[in-house]
Amino acid sequence: MKQTIKTSRTAGYLEKMFRELNDHYFNSEIEEPIITIQSTPRAYGHVTVSKAWHKSNGDQRHELNIDAGTLDRPIEDVTATLLHEMVHLYHLQNNVKDCSRGGTYHNKRFKDTAEACDLHIEYDSRIGWSITFPTEALVDFIVTQGWEDIRMGRMDGYISGRPGRGTSAGTTEPPKPKKTSSTRKYICPHCKMSVRATREVNILCGDCLLRMEPVK
DNA sequence: TTTGAAAGCGCGCAATGGAG
DNA sequence: CTCCATTGCGCGCTTTCAAA
């Protein structure tokens, strides 16, 4: 299987996918964003609400980021994530509020548009209608387009871990490797009380009199 | 290595508002 | 009025940084 391994080539591949999805599901109405590949903790991707990018001719564009780790998943999952973010862009462009709680809770307007784009949406009480799966119809579209797995995950350690504070907004530069923390966490197996230690220790929970166990 | 503390995030809960 | 989706917000926990 052909595999795309360079970040720049992958971004180009995602742009190609974006254009074809935009044409197929949105009548090419979505303005092209800047597509980035960065590590985003706790999310497969995101879009910026404001137009964070300025081109030399004065145009401003949204940023559509796909999490670096996401790209090691099957192509239908990558496509579903890309489409999910495109639904947000479509709503942003049309002044449709599809999220609240600072972009975490996805409401039914999001669900409706996403389902019209061959996505299967499931509900979670914390993040609303945000859990995204590809449908058969979307998989068929992927097959028709001949898209293949990207597979540029983290097997080479190129992009991994959480970004530090103030990540370099909008670049595809690999984050510098983090110094490993010298602290470790211990948790009581019964009451779940946790403590921090800076070296390995044997410690009992004073409430339960049980040995607290280290967690990764 | 130890300690203190700031910042960020998630969870839970109560309030709100629209539909029936 | 009841039900349920949605929203706002505060508390507490985790992570991270920096100074000692």
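Everything numeric here is computed off the predicted structure, so don't read it as measured data.

Chemist: In this structure, what is going on with the overall build of chain A? I would like to understand it.
Modeler: If you tally the helices and strands in chain A, you get 4 helices and 12 strands. Scored against the burial criterion, the 216 residues of chain A give a buried share of 36%. A separation threshold of at least 6 residues defines the contact pool for chain A, and within that pool the share at least 24 residues apart is 52%. Per element, the accessible surface of chain A, about 13200 Å² overall, is 49% carbon and sulfur.

Chemist: Is there a simple way to think about the nonpolar core in this case?
Modeler: Counting residues in each nonpolar core, the largest one holds 35 residues, and the members touching the most others are Leu 14, Leu 83 and Met 86. Within the residue set of this core, elements represented by two or more residues are α1 (7-26), β1 (34-38), β5 (63-67), α2 (75-93), α3 (108-116), β8 (119-124) and α4 (136-145). Ignoring any residue separated from it by four or fewer positions in sequence, one finds Leu 14 in contact with Ile 35, Ile 37, Ile 66, Leu 71, Val 78, Leu 82 and Ile 150.

Chemist: Hey, could you run me through the sheet that holds strand β2 (residues 45-47) in this one?
Modeler: Backbone hydrogen bonds are what pair the strands of a sheet, in a parallel or an antiparallel way. Spatially, 3 strands are ordered β1-β5-β2 in an open sheet, and the strand pairing comes out mixed. Only two strands of the sheet have a single neighbouring strand rather than two, namely β1 and β2. In this sheet, adjacent strand axes meet at a mean angle of 20° when their direction is disregarded. Here β2 runs beside β5; their pairing, made up of 3 bridges, is antiparallel. Directly across from His 46, in β5, lies its bridge partner Asn 65. Set on the sheet, α1 makes contact with β1 and β5; between it and β1 the angle comes to about 135°. With respect to the sheet, α2 is in contact with β2 and β5, its orientation differing from that of β2 by roughly 15°.

Chemist: What's the story with the side chain of Thr 81 in this structure? I'm lost.
Modeler: Mapped onto the secondary structure, Thr 81 falls in helix α2. Taking the relative accessible area as the measure of exposure, Thr 81 reaches 7% and is therefore buried. Here the side chain of Thr 81 touches Arg 73 through a polar contact of 2.7 Å, side chain to side chain. Once you skip the residues sitting within four places of it in the chain, Thr 81 turns out to touch Tyr 44, Gly 45, Ile 66, Thr 70 and Arg 73.

Calculation notes
- Residues numbered from 1 in each chain as written.
- Chains lettered and ligands numbered in written order.
- Predicted model: local features only at pLDDT ≥ 70, side-chain atom pairs only at ≥ 80, totals over all residues.
- Heavy atoms only, no water.
- Helix = DSSP H or I, 4+ residues; strand = E, 2+ residues; numbered from the N terminus.
- Buried < 20%, exposed > 50% of the residue type's maximum accessible area, 1.4 Å probe, protein only.
- Contact = heavy atoms within 4.5 Å.
- Areas by Shrake-Rupley, 256 points an atom, 1.4 Å probe, with all protein chains shown as cover.
- Core = buried A, V, L, I, M, F, W, Y, C linked by side-chain atoms within 4.5 Å.
- Pairing = 2+ DSSP bridges.
- Axes fitted to C-alpha atoms, helices over the stretch in contact; angles between N-to-C directions.
- Polar contact = N/O pair within 3.5 Å; in protein donor to acceptor, adjacent residues only side chain to side chain.

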